[in-house]
Amino acid sequence: MTPDEDVALVEALRRGDEKAFAALVDRYHSSLLRLAMSYVATREQAEDVVQETWLGVLNGIDRFEGRSSLKTWIFRILVNRAKTKGVRERRSVPFSSLEGDGDENQPSVDASRFQEGGRSAGAWSAPPESWEGIPEDRLLSGETRMVVEEAIALLPAMQRAVITLRDVRGFTAQEACDVLGLTEANQRVLLHRARSKVRARLEEYLSAEPAGVGG
Amino acid sequence: MTFRRHGLTCQQVVELVTEYLDGVMEPRRRARFEAHLDGCDGCTAYLEQFRSTVAVIGRLDVGDVPAPVMSELLSAFRNWSDDRDGA
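Worth saying up front: this structure is predicted, and the values here are computed from it rather than measured. (Residues numbered from 1 in each chain as written. Chains lettered and ligands numbered in written order. Predicted model: local features only at pLDDT ≥ 70, side-chain atom pairs only at ≥ 80, totals over all residues.)

As a further point, take the overall build of chain A. Assigned secondary structure in chain A consists of nine helices and zero strands. Helices and strands appear in chain A in the N-to-C order α-α-α-α-α-α-α-α-α. Looking at chain A as a whole, 36% of its 215 residues are labelled buried. In chain A, 66% of the contacts between residues at least 6 apart in sequence involve partners at least 24 apart. (Helix = DSSP H or I, 4+ residues; strand = E, 2+ residues; numbered from the N terminus. Buried ≥ 20, exposed ≤ 12 C-beta atoms within 10 Å, placed from the backbone. Contact = placed C-beta atoms within 7 Å.)

What follows is the structure in structure tokens.
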């Protein structure tokens, strides 16, 4: 949304335009729920956090000054609520993991796939194969997307939060940093770790024979 | 045949892909990165896989708002709006 659209929407909310509110909920609710899941232990808690977020949006709308986009402002409210709730409910995610996930120094690709010594150290020994031959309907099939969903669900909390905003929801790097309170460099490390793991899982899945074709 | 193409190994290239795709690479580093890609099928395939991965993630369903949730929120909105009018 452009700043002008934000202003129009905020004015509509302030004068009680229900349709405007419904459109806003439609646009962001599911993404808010996804993000909340990174901070709290259960889906039920995440749903509560999103509910509280919407009430927070309404109660704070008169204080919204447009210094950030409406979108960023809403997602920041969510993160604040979710952190509070996560702490209050002694969520299983350790608090330190709200900054990083601790495995940022792991390689993106397993070291066993590169040559170890000599002049060609660091060159591929088992290079990835091109996916160009994979039909698009397999790449975008429900099953492939399920594999990706599962891979994302297994990511540590902050990696999941960053990839959700950046790649599922299309936030810019700056927007993701504003929402999550990360530096740009830290955000990028988390995103890279997350994408690398999802790619590895996808490579493993796609290199197996498609179901029903034998093998 | 040289494997440390332009000073970057394949193992180093795979760590730089997100920085590259975000367009925030310092120009000299970017030139070295692209020069490596030009001569390396493995890294070219890797970059393509990475891009496809990001594209598939972008196609995940964000999901609809369940009707009971929406009606609960709209009712909260009406209460909020009525309170304001009454204030």
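Time to look at the overall build of chain B. A tally of regular secondary structure across chain B gives five helices and zero strands. Secondary structure elements of chain B, listed N to C terminal, follow the sequence α-α-α-α-α. A globule of 87 residues ought to have a C-alpha radius of gyration of about 12 Å, yet chain B, at 24 Å, is considerably larger. In terms of overall dimensions, chain B has C-alpha extents of about 80 × 25 × 15 Å along its principal axes. By sequence separation, contacts in chain B at least 24 residues apart represent 60% of the contacts at least 6 residues apart. (Rg over C-alpha atoms; globule rule 2.2 N^0.38 Å.)

Here we take up the environment of Gln12(B). Inspection of the secondary structure assignment puts Gln12(B) in helix H1 (residues 10–13). In this structure Gln12(B) comes out as partly exposed when scored by C-beta crowding, with 16 C-beta atoms within 10 Å.

Let us now look at the interface of chain A and chain B. Taken together, the contact between chain A and chain B spans 44 residues of the former and 36 residues of the latter. The set of elements that each furnish at least two residues to the side of chain A that touches chain B consists of helix H2 (18–36), helix H3 (43–60), helix H6 (142–153), helix H7 (157–168) and helix H9 (184–207) of chain A. When the residues that make up the side of chain A that touches chain B are grouped by side-chain class, the tally is 22 nonpolar, 11 polar and 11 charged. (Nonpolar A, V, L, I, M, F, W, Y, C, P; charged D, E, K, R; others polar.)

Residues and elements named next belong to chain A. By the assigned domains, chain A splits into domain 1 (3–92) and domain 2 (98–207). For domain 1 and domain 2, the distance between their C-alpha centroids amounts to 27 Å. It is helix H4 (residues 70–88) that provides the largest number of residues to the side of domain 1 that touches domain 2, a total of five residues. Of the residues contributing to the side of domain 1 that touches domain 2, the split by class is four nonpolar, four polar and three charged. (Domains from an automatic or database assignment.)

What tends to happen in soluble globular proteins is that the nonpolar side chains get buried as a cluster. Formed by 52 residues in total, the largest nonpolar core has its most connected members in Ala36(A), Leu78(A) and Val162(A). If you count residues domain by domain, this core takes at least three from each of domain 1 (3–92) and domain 2 (98–207) of chain A. Residue contacts for Leu78(A): discarding those within four places in its chain leaves Leu32(A), Leu35(A), Ala36(A), Val49(A), Val50(A) and Thr53(A). Counting residues in each nonpolar core, the second largest holds 14 residues, with Phe114(A), Ala123(A), Val13(B) and Phe33(B) among its members. (Core = buried A, V, L, I, M, F, W, Y, C linked by C-beta atoms within 7 Å.)

Right, let's talk about the packing of H7(A) against H9(A) for a bit. All names here are of chain A. Taken N-terminus to C-terminus, the directions of H7 and H9 make an angle of 90°; their axes are 8 Å apart at the nearest point. Judged on the interaxial angle alone, H9 and H7 are roughly perpendicular. Residue-level contacts link Met158, Gln159, Arg160, Val162, Ile163 and Arg166 of H7 to Gln187, Leu190, Leu191, Arg193, Ala194 and Arg195 of H9. Partitioning the contact of H7 with H9 into residue classes produces six nonpolar, two polar and four charged. (Axes fitted to C-alpha atoms, helices over the stretch in contact; angles between N-to-C directions. Parallel < 35°, antiparallel > 145°, perpendicular 65-115°, else oblique.)

What follows covers the environment of Leu165(A). Residue and element names in this part refer to chain A. Note on placement: Leu165 falls in helix H7. Along the backbone, Leu165 and Leu191 are 26 residues apart, and their C-alpha atoms lie at a distance of 9.7 Å. Residues contacting Leu165, with those up to four places away along its chain left out, are Leu35, Phe171, Ala176 and Val179.

When pLDDT is averaged along chain B, the result is 90; 92% of the residues meet or exceed 70. We note a pTM of 0.88 for the whole complex and an ipTM of 0.88 for its interfaces. (pLDDT = per-residue confidence, 0-100.)

Of all the bends found along H2(A), the most pronounced is centred on Tyr28(A) and spans about 45°. Regarding H2(A), the residues found buried are Phe21(A), Leu24(A), Val25(A), Tyr28(A), His29(A), Ser31(A), Leu32(A), Leu33(A), Arg34(A), Leu35(A) and Ala36(A). (Bend = angle between axes of the 7 residues up to and from the residue.)

On to the environment of Asp22(B). Tracing the backbone shows Asp22(B) in the loop between helix H2 (17–21) and helix H3 (27–38). A tally of 16 C-beta atoms within 10 Å means that Asp22(B) is categorised as partly exposed. Here Asp22(B) is in contact with Ala173(A) and Arg188(A), once residues within four sequence places are set aside.

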